[in-house]
Amino acid sequence: MIIENRSYARVGLIGNPSDGYNGKTISCSVSNFWASTTLVESPNLQIELNPSCDPTNFESLGQLHQSTKENGYYGGLRLIQATCKKFYEYCQEMQIELPRKNFTCTYNTNIPRQIGLGGSSAIITAMMKSLIQYYNLGHDQIDKRILPSLILSVETEELSINAGLQDRVVQVYGGTVFMDFSKEVMDKIGTYEYGQYESLNSALVPPLFLAYLSSPSDSGKIHSDVNFRYKKNDPEVVSAMRTFANYASSFRLVMENRDIERIKELMNQNFDLRRRIFGDIVIGSKNLEMIEIARRYGCAAKFAGSSGAVIGIYENLTQLQQLTQAYQDKDYKLIKLAIVEDQ
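Every value quoted in this text rests on a predicted model; they were computed, and no experiment measured them.

## Here we look at helix H8 (residues 235-256)
Across its 22 residues, H8 extends 32 Å between first and last C-alpha, which sits within 8% of the 32 Å expected from 1.5 Å per residue. When H8 is considered as a whole, its buried residues turn out to be Val 237, Val 238, Ala 240, Met 241, Phe 244, Ala 245, Tyr 247, Ala 248, Phe 251, Val 254 and Met 255. Its buried side turned inward, H8 meets strand E1 (2-14), strand E2 (24-42), strand E5 (176-180), strand E6 (196-200), helix H7 (226-231) and helix H9 (260-278). The backbone nitrogen of Glu 236 lies 2.8 Å from a side-chain oxygen of the residue at the head of H8, namely Asp 234. Two residues or fewer past H8, Arg 258 is found with a positive phi of approximately 55°.

## As for the sheet that holds strand E7 (residues 208-213)
Spatial strand order, E8-E9-E7-E10: 4 strands in an open sheet with antiparallel pairing. Strands with a single pairing partner mark the edges of an open sheet, and in this sheet they are strand E8 (301-303) and strand E10 (332-336). In this sheet, adjacent strand axes meet at a mean angle of 25° when their direction is disregarded. In this sheet, E10 lies alongside E7 in antiparallel orientation, the contact comprising 5 bridges.

## What about the pattern of salt bridges?
Here the structure, examined in full by the defined rule, presents 17 salt bridges. A salt bridge links Lys 85 to Glu 89, with the shortest nitrogen-to-oxygen separation between them at 2.6 Å. Here Lys 85 pairs with Glu 89, and both are found in helix H2 (residues 77-93), just 4 residues apart, close to one helical turn. Its salt-bridge partner being Glu 157, residue Lys 86 comes within 2.4 Å of it at the nearest N-O pair. Of this pair, Lys 86 sits in helix H2 while Glu 157 is found in helix H4 (residues 147-158), placing the two residues 71 residues apart along the sequence. For Lys 86, a relative accessible area of 7% gives the class buried.

Reading the values: rules and limits
- The residue count restarts for each chain, going from 1 along the sequence in the order it is written.
- With the structure being a predicted model, the display of local features is reserved for residues of pLDDT at least 70 and the display and counting of side-chain atom pairs for 80 or more, all residues being used for whole-chain, interface and lining totals.
- Values shown for side chains rest on all heavy atoms present in the structure; no hydrogens or waters enter the calculation.
- Secondary structure elements are defined from DSSP: runs of H or I of at least 4 residues count as helices, runs of E of at least 2 residues count as strands, and each element is numbered from the N terminus.
- Multiply 1.5 Å by the residue count of a helix minus one, and that product is the helix's expected span.
- A 1.4 Å probe rolled over the protein chains alone gives each residue an accessible area, and that area as a share of the maximum for its type sets the label: buried under 20%, exposed over 50%, partly exposed in between.
- Any two residues whose heavy atoms approach within 4.5 Å at even a single point are treated as in contact.
- Each polar contact in these results corresponds to two N or O atoms within 3.5 Å; when the atoms are within protein, one needs to be able to donate a hydrogen and the other to accept it, and residues that are neighboring in sequence are counted only if both atoms are side-chain atoms.
- Being paired, for any two strands, means DSSP has found at least two bridges between them.
- Fitting a line to C-alpha atoms yields each axis, with helices limited to the stretch in contact; the angle taken between N-to-C directions then spans 0 to 180 degrees.
- A pairing counts as a salt bridge when a side-chain nitrogen of Lys or Arg comes within 4 Å of a carboxyl oxygen of Asp or Glu.

Spelled out as structure tokens, the structure:
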């Protein structure tokens with residue numbers, strides 16, 4: 001038996017970062033970048049290291065240094081192992097009896113690290129889907145609505161990674177998803193919370209590009225106090241999160257009406273508000289420069305996720321070619337995005 005699953009990178013169209021603050025967002029799953037897992041039945045349970053993500057063999061000390069600088073100290077092994085642990089615990093908790101069979105797991109990913117595209121959650125999502133399929137579980141045993149929350153718990157509870165539901169929702173549902181994480185919705189749920197998720201017509205999403213850092217790094221990042229201020233009911237931050245949520249609701253309507261000018265306006269407003277609340281030091285000079293390049297060519301742009309990459313709307317291929325050259329001149333990368341349909 002061979003089970004293979006693929007999960008894709010995600011980009012936030014509008015509303016983020018309010019997903020972590022009982023807000024609303026719209027995000028897309030994009031086929032340009034992905035993570036995959038393969039399970040093959042075997043006598044013992046084995047997780048194979050990925051030579052790119054979990055390197056243990058280097059040509060030199062210099063190569064070790066470069067690899068560590070680019071990829072950090074943590075590969076995918078801990079993500080796979082933590083997913084298996086959480087999956088087993090969930091099945092025990094729900095009294096789901098699993099067949100007594102083992103597997104050998106391999107995984108792969110081409111999602112660039114440290115630019116906010118949901119790379120870690122994509123590996124976990126692909127692995128969780130493979131486990132569910134391998135042990136032949138259905139939606140009556142693991143409800144699709146709680147699956148993103150179960151995936152999130154792998155990171156937050158097992159690995160102490162600060163994360164929210166948005167990435168996991170889009171990677172489970174695929175396509176373009178409107179997500180409502182408002183307190184009124186979330187408070188009705190039990191152990192594994194979930195919001196209100198609705199798939200939208202991806203054909204209504206304008207043509208998108210992604211610009212991102214060629215050599216991202218975790219070092220030197222400045223942490224913001226926004227989360228602390230939100231928990232203290234800071235009026236400015238609370239108001240901003242409500243505004244982000246309103247942007248998402250408005251974006252949904254104007255997207256259905258194909259009002260491209262209003263779509264662009266909302267996208268720009270989303271970033272401008274984020275910049276005002278978080279400040280330029282937290283945003284970072286390179287992130288600001290990527291936004292400024294897009295706007296110089298008349299394109300709306302905002303963060304794709306946390307930082308390190310921006311999405312923008314382009315009008316035609318000539319404009320896209322001009323943007324590509326402009327970003328390359330500043331050592332940034334640019335690609336045309338393709339949305340993955342519902343999974």
